[in-house]
Each structure stands twice: as C-alpha cells, then as structure tokens.
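# Structural overview for review
Each chain, written out:
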Amino acid sequence: MLLEGATAALAGAGATYEMVAVPGALEIPTAITLADASERFDGYVALGCVIRGETSHYDIVAGESARGLVQLGMERGCPIGNGILTVDTEAQALVRADPTGKDKGGDAARAALALVGLAETFLADA
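These lines cover the structure that appears in this document, whether it is placed above or below. (Residues numbered from 1 in each chain as written. Predicted model: local features only at pLDDT ≥ 70, side-chain atom pairs only at ≥ 80, totals over all residues. Heavy atoms only, no water.)

### Structural notes on the environment of Gly 12
Checked against the element boundaries, Gly 12 lands in helix H1 (residues 2–12). Spatially, the C-alpha atom of Gly 12 lies 9.9 Å from that of Arg 110, the residues being 98 residues apart in sequence. (Helix = DSSP H or I, 4+ residues; strand = E, 2+ residues; numbered from the N terminus.)

Right, dumping it as structure tokens:
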C-alpha cells in the first residue's frame, strides 16, 4: 500500500520513477547512496515498515535507517521522502500505509517532490 500511494502521488505530479527493492530498512540508505552516484535520479522515496518485536532490534533498525536517510539528505543534498513506517503493530502499519487512509507512501513521495523542487530553485540561482 505504501508503494501504491507513492506511485499515485508521483504519477499525479507527472514524475517518472523506478522501483528498487532491498532486503530491509537498513539497506535503504545504502541503496540510495548507490543510486545517487549514478546521477540518474532527481530524488528518492524510501518506503518500508519496521514493526516492534520482542527485542531492541526494532530501535536499532528504526533509528539507524532514519539517521542514514537524514545524513544523506544533509551531506549529499539528496532529496529524500522518508516513508519508512515505524509502528508497534501490523494494524497500525496498515492504517498508515492505506492510500485512502493516512497515505504515508503518498506523503513521502510528495515530500521528495517538494525537495526536488526546492533543489531546482536553489540550483537555478547558483
């Protein structure tokens, strides 16, 4: 559902996109780093879901994936919309992912598009 919301937002804005799957949330920042090195993309939409379990692994995955995305945005100037859900239950994830509900995938795509537009504005003035 995250992907459905994101692709609808991108299509609504007339943007083109490619979808790449990675094994987990921790790999998303690395995948974006690799893609950004190609200079083929104007921005990125990170989608995923981390559901709290019985161990502290949730805290590490949730925090480090978010930290990695923020670091990329700040250090490399990558326009990234963060749509990695961090939830306690699958039910919470479904509500947040549903394009007819909270539409967090669409929100992430719209955030990426807004940052791409901002980057274009600043680069045009340079």
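### Quick look at the pairing of strand E2 (residues 80–87)
Within E2, six of the eight residues are buried, which leaves it mostly tucked inside the rest of the structure. Taken together, the eight bridges between strand E1 (residues 44–51) and E2 define a ladder with parallel strand orientation. Bridge pairing links Ala 46 to Asn 82 in E2. With respect to chirality, the unit in which E1 leads through helix H3 (residues 57–76) into the neighbouring parallel E2 is right-handed. (Buried < 20%, exposed > 50% of the residue type's maximum accessible area, 1.4 Å probe, protein only. Pairing = 2+ DSSP bridges. Right-handed = clockwise from strand over helix to strand, strands pointing away.)

### Focus on the nonpolar core
Grouped together as the largest cluster of nonpolar side chains are 14 residues, with contacts concentrated most on Ile 28, Ile 32, Ala 46, Val 50, Leu 69, Ile 80 and Ile 84. If you list the elements that add at least two residues to this core, you get helix H2 (28–37), E1, H3 and E2. Here this core takes five residues from H3, the largest share from any one element. If we skip the residues at most four places from it in the chain, Ile 80 touches Ile 32, Tyr 44, Ala 46, Leu 69, Leu 72, Gly 73, Ala 112 and Leu 115. (Core = buried A, V, L, I, M, F, W, Y, C linked by side-chain atoms within 4.5 Å. Contact = heavy atoms within 4.5 Å.)

### Some thoughts on the side chain of Asp 103
Counting through the fold element by element, Asp 103 comes out in the loop between helix H4 (90–97) and helix H5 (104–125). Residue classification places Asp 103 among the buried residues on the basis of a relative accessible area of 11%. Dropping the residues within four chain positions of it, Asp 103 is found in contact with Gly 5, Arg 96, Ala 97, Asp 98 and Arg 110.

None of the figures reported here should be taken as evidence of function without further support.
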